[in-house]
Amino acid sequence: MTTAGDTLTVRVARKRQEAQDICSLELEHPQGLPLPAFTAGAHLDMHLPGGLVRQYSLCNTPGDTRRYQIAVLRDAQSRGGSQAVHEAVHEGDVLSISAPKNHFPLAAQAQRHLLLAGGIGVTPMLAMAEALSAQGAAFELHYCTRSRGRTAFVERLGVAAYAGQVRLHHDDGDAAQKLDIAALLSACDAGTHLYVCGPQGFMDAVLGTARAQGWPEERLHYEFFGAAPVASDQDAAFDIEIASSGRVIPVRAGTTALQALLDAGLDIPMSCEQGVCGTCLTRVKSGQPDHRDHYLTPEEQSANDQFLPCCSRARSARLVLDL
């Protein structure tokens, strides 16, 4: 394996248009060697032209170490990543990526799996469906998009061994085929685990409905691709204390905790800077965080013993961090 630090070097073997505004990339080892294995739900960090680093879910069959496949939506609200993939990445290019990591795994104890995908959120669900089908597990995949023309991997799903377990729902279709989230979730038994990925509004609707129906958190699994902007005009300054040294670092109202830590010379791992990937997760020894992430579960947030400094702040005047 060609490596540089913690990264892998891969070649873009194929770039393909999968649907309107969605392209896929197939990544291979430059010398044709096997890539590190991954499990369903895994993602990788991709280093893009312009110095950007973005996370993309792997959507090919787990166990296929010949290649990695990702798919990327050209997002009008993009911070540059999706535009770089669509316009600046070409077949034959050599890129650096991380090894796969999985914060969105399948639950081994589940008796049944319900996969709900919104738009480009189908990518991790494809790998999950492939894995569950190979295991002979009970599952359904519901895939919601704006229109058929914006539905990626239609042909692949149509010929898959699990095609009979897939339901497509289009916003511009007739009412009968649209997804009734409440009815679908209320029909599930206690052995069903729910997985959801997609735009924030879609995920909020699904998770909000599930929680309103009494689904316990241990049966809810989700991964956000991005976070909506959070109003910051009411942000207050606070202090961070480094537990190991007692050093106090002020965080100004217009600065993130992560930026303050980096400016102070601390080495904090980071990636998405939106509170969705968990890379910068930091232990809190005392103080009350103001959680604004989409990575921690509500129970994890209420414990107040960790936070994501890229987006979260403090409700108390000081946070003492285990650094």
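Every value quoted in this text rests on a predicted model; they were computed, and no experiment measured them. (Residues numbered from 1 in each chain as written. Predicted model: local features only at pLDDT ≥ 70, side-chain atom pairs only at ≥ 80, totals over all residues. Heavy atoms only, no water.)

## Focus: the sheet that holds strand E19 (residues 318–321)
What the 5 strands build is an open sheet, ordered E14-E13-E19-E15-E17; its pairing is mixed. Looking at which strands have only one partner, the edges of the open sheet turn out to be strand E14 (248–251) and strand E17 (306–307). Strand direction decides the pairing type here: strand E15 (residues 282–286) and E17, joined by 2 bridges, are antiparallel. Paired with Arg 283 across the strands is Gln 306, a residue of E17. (Pairing = 2+ DSSP bridges. Helix = DSSP H or I, 4+ residues; strand = E, 2+ residues; numbered from the N terminus.)

## As for unusual backbone geometry
Its identity as a non-glycine residue notwithstanding, Asp 21 has a phi of 70°, on the positive side. Mapped onto the elements, Asp 21 comes out in the loop between strand E2 (7–19) and strand E3 (22–28). Look at Asn 304: it is not a glycine, yet its phi comes out positive at around 55°. On the secondary structure map, Asn 304 appears in the loop between helix H7 (298–303) and E17. For Asn 304, a relative accessible area of 22% translates into the label partly exposed. (Buried < 20%, exposed > 50% of the residue type's maximum accessible area, 1.4 Å probe, protein only.)

## What about the confidence of the model for the protein?
Looking at the protein as a whole, its pLDDT mean stands at 91, while 95% of the residues score no less than 70. In the model, residues 1–5 has pLDDT below 50 throughout and makes 12 contacts with residues more than four positions away in sequence or in other chains. (pLDDT = per-residue confidence, 0-100. Contact = heavy atoms within 4.5 Å.)

## Some thoughts on the nonpolar core
Formed by 30 residues in total, the largest nonpolar core has its most connected members in Leu 115, Met 125, Tyr 162 and Tyr 195. For Tyr 195, the contacting residues outside a window of four places in its chain are Phe 104, Pro 105, Leu 106, Ala 107, Ala 110, His 113, Leu 114, Leu 115, Leu 116, Met 125, Met 128 and His 221. (Core = buried A, V, L, I, M, F, W, Y, C linked by side-chain atoms within 4.5 Å.)

## Some thoughts on the packing of aromatic side chains
Applying the stated rule across the entire model yields 3 aromatic pairs. An angle of 65° between the planes, with centres 6.4 Å apart, marks the rings of Phe 104 and Tyr 195 as edge-to-face. Placement of Phe 104 in the loop between strand E7 (94–98) and strand E8 (112–118) and of Tyr 195 in strand E11 (residues 192–198) is noted, with a sequence separation of 91 residues between them. Tyr 195 shares its class with Phe 104; the two are buried. The lysine or arginine in question, Arg 156, covers the ring of Phe 153, its NZ or CZ lying 5.6 Å from the ring centre. Positioned over the ring face of Trp 215 is Arg 219, at 4.2 Å from the centre of the ring. (Phe/Tyr/Trp six-rings, centres within 6.5 Å; stacked < 30°, edge-to-face > 60°. Lys NZ or Arg CZ within 6 Å of the ring centre and 35° of its normal.)

## Considering helix H5 (residues 200–212)
In an α-helix, one turn spans 3.6 residues, which is why side chains three or four residues apart end up on the same side. The end-to-end C-alpha distance of H5, which contains 13 residues, comes to 18 Å, matching closely the 18 Å that a straight helix rising 1.5 Å per residue would cover. Every buried residue belonging to H5 is among Phe 202, Met 203, Val 206, Leu 207 and Ala 210, and all of these are buried. Considered in projection along H5, the buried side chains sweep an arc of 115° and stay on one side of the axis. Residues of H5 that are exposed and point over 90 degrees away from its buried face: Gly 201 and Ala 212. Of the surrounding secondary structure, the elements contacted by the buried residues of H5 are E8, strand E9 (139–145), helix H4 (181–186), E11 and strand E12 (220–224). (Expected span 1.5 Å × (residues − 1). Arc of directions from axis to C-beta.)

## Describing helix H2 (residues 122–135)
Its 14 residues give H2 an end-to-end C-alpha distance of 20 Å, which sits within 8% of 20 Å, the value for a rise of 1.5 Å per residue. The buried fraction of H2 is high, at 11 of 14 residues. Along H2, the residues classified as buried are Val 122, Thr 123, Pro 124, Met 125, Leu 126, Ala 127, Met 128, Ala 129, Glu 130, Ala 131 and Leu 132. Looking at the packing, one finds that the buried side of H2 touches strand E5 (53–57), strand E6 (68–73), E8, E9, helix H3 (154–159) and E11. Following H2 by one or two positions, Gly 136 has its phi on the positive side, about 75°.

## What to know about the pairing of E15
Relative to E19, E15 is paired through 2 bridges, and the arrangement is antiparallel. Residue Ser 286 lies in a different strand from E19, and its bridge partner there is Val 320.

## Considerations on the environment of Thr 65
Within the element layout of this structure, Thr 65 appears in the loop between E5 and E6. Among residues more than four places away in sequence, those in contact with Thr 65 are Leu 33, Pro 34, Leu 35 and Ala 37.

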